[in-house]
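Here's the letter readout for the chains.
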Amino acid sequence: MPIYDQIKTQVRSAILSGDVPTGSTLPSLRQLAADLRVSVITVTRAYNDLVAEGLVRNEHGRGFVVREVDPAVAAGGLAKRVDAALLELVVAARHARIDIDHIHQRLDEAWRSGTDD
């Protein structure tokens, strides 16, 4: 997955889950690029995609600010993330020849020991 997609996915998840509240300012393009050791263009692309999705807006003098997200939209976005992870799990499990019962067992274990991430 391209770096800009990874950045976009992480920021989107943080916004939809409420970890980054409405009105918060995202890190500046230059700061995030330096922190992640990527190009400013990469971060700009990720942030602009988030603007296009309606999750943030670019305010002159403030930077990228988190917009209010409808709770139903947030829940739907998080459900899509779960669906994508499940699809990736199914593909990986089939390649590894892991049967569904073993997947259920491992999922139960992960659920019990899971974190809030």
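Residues numbered from 1 in each chain as written. Predicted model: local features only at pLDDT ≥ 70, side-chain atom pairs only at ≥ 80, totals over all residues. Heavy atoms only, no water.

Draft legend 1. Quick peek at the nonpolar core. With 17 residues, the main nonpolar core has Leu26, Tyr47 and Val56 as its most contacted residues. Contributing elements (two or more residues each) for this core: helix 1 (3-16), helix 2 (29-36), helix 3 (40-52) and strand 2 (63-66). The element contributing the most residues to this core is helix 1, with 5 residues. When sequence neighbours within four positions are dropped, the list of residues in contact with Leu26 reads Val11, Val20, Tyr47, Val56, Phe64 and Val66. (Core = buried A, V, L, I, M, F, W, Y, C linked by side-chain atoms within 4.5 Å. Buried < 20%, exposed > 50% of the residue type's maximum accessible area, 1.4 Å probe, protein only. Helix = DSSP H or I, 4+ residues; strand = E, 2+ residues; numbered from the N terminus. Contact = heavy atoms within 4.5 Å.)

Draft legend 2. Region of the structure containing the side chain of Lys8. Counting through the fold element by element, Lys8 comes out in helix 1. The exposure class assigned to Lys8 is buried, which follows from its relative accessible area of 11%. Engagement of the side chain of Lys8 in a polar contact is seen with the side chain of Asp5, the distance being 3.2 Å. When sequence neighbours within four positions are dropped, the list of residues in contact with Lys8 reads Ala46, Asp49, Leu50 and Glu53. (Polar contact = N/O pair within 3.5 Å; in protein donor to acceptor, adjacent residues only side chain to side chain.)

Draft legend 3. Structural context of the pattern of salt bridges. The full count for this structure, using the stated rule, is 5 salt bridges. Glu53 is the partner of Arg12 in a salt bridge, and the nearest nitrogen-oxygen pair spans 2.8 Å. In this pair, Arg12 sits in helix 1 while Glu53 sits in the loop between helix 3 and strand 1 (56-59), placing the two residues 41 residues apart along the sequence. Put simply, Arg57 and Glu59 hold a salt bridge, and the shortest N to O gap is 2.6 Å. (Salt bridge = Lys/Arg side-chain N within 4 Å of Asp/Glu carboxyl O.)

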